[in-house]
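Chain by chain, the residues:
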Amino acid sequence: MAFRKTVAAFATAASLLGGTSAGAQALPPIISTAGDDSPIENGALSAIGSLVGGLRLDASINTLYDSNLLRLGDGFPPNGGASKSDVRISPSVRASFGKAIGRQEFYASGIVGRDYFINNSNRNRNNYGVNGGVNWRLGTRCSGDVSGSFNSRQQLFSEVSFASVNVQEQLSFGGSAICRTATGIGFGGSIRRSTTRNDNPDRISFDTNSTSFSPQLSYGNPTLGQFSLSGSFSQARYPARFIINNAGAQQPDGVDIMSGRFGYQRGLGGRLSVNFGVSYFDVTPTPADILVPIAPGIGIPLTRESQSNLGYDVGVSYNSGSRLTADITARKSAQASINVGAQYQVVQAIAGNIGYRLNRAIGLTSGVSYTQRDYRNSFTSIEEPTRRLQDKIARIFAGLSYSPGTLYSVSGDISYQDRKSNPDDYSFKSFAATLRLRAGFGGRG
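What you see is a predicted model; the values in this text were computed from it and never measured. (Residues numbered from 1 in each chain as written. Predicted model: local features only at pLDDT ≥ 70, side-chain atom pairs only at ≥ 80, totals over all residues. Heavy atoms only, no water.)

**Q** Got a minute to help me understand the state of the cysteines in this structure?
**A** Each disulfide consists of one covalent bond between the sulfur atoms belonging to two cysteines. The full count for this structure, using the stated rule, is one disulfide. The disulfide partner of Cys 142 is Cys 179, and the gap between their sulfur atoms is 2.0 Å. With the S-S bond torsion at 115 degrees, the cross-link from Cys 142 to Cys 179 turns out right-handed. With a gap of 37 residues between them, Cys 142 in strand β6 (residues 142-154) and Cys 179 in strand β7 (residues 167-180) connect regions that are remote in the sequence. On the basis of relative accessible area, Cys 142 is assigned to the buried category, the value being 17%. (Disulfide = S-S within 2.5 Å. Helix = DSSP H or I, 4+ residues; strand = E, 2+ residues; numbered from the N terminus. Buried < 20%, exposed > 50% of the residue type's maximum accessible area, 1.4 Å probe, protein only.)

Have a look at this one:
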């Protein structure tokens with residue numbers, strides 16, 4: 001494919017930059033985690049910040065009520081005495097450490113906790129994680145990081161067909177580098193390797209190995225703003241999910257996702273900032289041609305769906321400097337599917353969030369989001385007896401936080417979400433309320 005050769009050539013010329021999705025690399029995930037757990041990969045301490053030179057200990061307890069904690073659609077009533085609604089109590093202790101040695105900054109973090117369920121005590125599980133790395137600098141022009149993390153947790157996601165008793169483990173490691181010239185040109189990138197494992201035998205077909213390699217070239221100055229040109233190549237393999245290729249041999253299923261992106265970012269007036277990107281992504285099943293068994297030794301040839309399409313990412317942020325913050329973000333991208341019975345997903349999402357600080361200690365937040373996930377090359381499994389084709393998830397949430405200093409904080413939020421699925425059996429609605437209590441010691445949090 002001509003596009004494949006173009007991106008490969010660009011990758012050779014530029015260097016490295018990472019991620020498991022393609023088409024919207026500039027923005028962080030925009031879907032609110034209200035009512036869900038945050039993704040494991042976003043839980044790592046990725047920078048030292050105020051922890052340089054100190055050790056910090058945080059003890060917390062999070063209490064979640066969810067009216068549909070099992071994430072059950074109308075076609076799937078609770079089985080085996082399970083309760084659809086539940087309260088989850090999650091105490092945990094986190095230790096974080098950062099230290100600067102010369103121009104290099106080292107950091108590490110670890111967390112140990114446990115989830116207790118009031119109505120479904122068979123789901124009680126430990127959760128823990130460790131991560132660390134170094135933010136490095138070379139001279140005055142080059143910087144980057146090397147980091148790794150391991151996390152183990154029973155997770156609650158809106159996209160799963162129903163929340164089974166399952167502990168998900170993720171190992172991730174990699175690095176990035178970027179150098180800037182005096183003329184405003186920057187070049188570099190990153191590479192990252194991650195693995196996801198599920199301990200429930202019914203979900204091992206969702207185990208994933210992925211490697212992402214991404215180069216980036218940028219130019220910016222205070223007058224014009226920041227321009228960037230980047231590429232991304234992500235390989236995802238499903239080691240416990242075997243298919244038969246057109247030669248009649250078994251091999252692990254997989255998908256390759258490539259993208260190229262042009263982006264622009266600029267601050268306006270010190271309070272408003274805008275960024276947007278236009279991308280082109282290409283998704284190819286590996287292998288594309290397979291045999292579908294219909295009898296022992298007999299298979300029907302099938303060419304699985306590939307996709308090439310335009311993607312985008314847009315963001316507008318406002319910060320008054322003292323009280324009000326607001327942002328609107330939107331994106332379209334392609335990504336490997338690690339929780340749903342499909343080979344990959346095409347995701348379109350839009351979200352808006354607003355925050356207002358009443359005073360130094362009290363803050364209010366609220367937001368809405370809408371996400372459409374189109375599942376490609378979907379398949380059935382024990383958990384999903386009918387193939388998933390599409391989900392549309394709408395959410396609204398509001399929260400309040402009280403943090404008078406570094407010693408302790410209290411926060412809470414309420415949220416409502418509505419997932420409309422095709423097929424409709426997987427549609428569900430839920431209301432959730434969360435209360436978080438935290439006490440911290442040491443460092444400068």
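Additional details are given in the paragraphs that follow.
**Q** How should a nonpolar patch on the surface be read in this particular structure?
**A** Taken together, the side chains of Leu 268, Leu 272, Phe 276, Val 278, Tyr 280, Leu 310, Tyr 312, Val 314 and Val 316 present a nonpolar region at the surface, about 700 Å² in accessible area. Elements that contribute at least two residues to the nonpolar patch include exactly β12 (272-286) and β15 (307-319). Turning to its location among the elements, Tyr 280 is positioned in strand β12. (Patch = residues over 30% accessible without salt bridge, like charges linked within 9 Å, V, L, I, M, F, W, Y side chains within 5 Å. Areas by Shrake-Rupley, 256 points an atom, 1.4 Å probe, with all protein chains shown as cover. Salt bridge = Lys/Arg side-chain N within 4 Å of Asp/Glu carboxyl O.)

**Q** Just to check I follow, could you spell out the pairing of strand β19 (residues 390-402) for this structure?
**A** Look at any regular strand and the pattern is simple: side chains alternate between the two faces of the sheet. Looking at chain direction, strand β18 (residues 362-376) and β19 are connected through 13 bridges and run antiparallel. For Tyr 370, the partnering residue across the bridge sits in β19 and is Ala 394. In terms of strand pairing, β19 meets strand β20 (residues 408-422) through 13 bridges, oriented antiparallel. Paired with Ile 396 across the strands is Tyr 416, a residue of β20. From the end of β19 to the start of β20, which pair antiparallel, there are five residues. (Pairing = 2+ DSSP bridges.)

**Q** Mind showing me how you'd approach the pairing of β18 here?
**A** Two strands pair when backbone bridges link them, and strand β17 (residues 344-357) and β18 are joined in this way by 14 bridges, in the antiparallel orientation. By the bridge assignment, Ile 354 is partnered in β18 with Ser 366. From the end of β17 to the start of β18, which pair antiparallel, there are four residues.

**Q** Help me understand unusual backbone geometry in this model?
**A** Comment: phi is negative for the bulk of residues other than glycine, and the bulk of peptide bonds are trans. The amide bond that connects Thr 286 to the next residue, Pro 287, takes the cis arrangement and shows omega of -5 degrees. Relative to the elements of secondary structure, Pro 287 occurs in the loop between β12 and β13 (289-295). Residues Asn 422 and Pro 423 are joined by a peptide bond in cis, for which omega reads 10 degrees. Along the chain, Pro 423 falls in the loop between β20 and β21 (428-442). If you check the backbone angles, Arg 71 has positive phi at about 55 degrees while not being a glycine.

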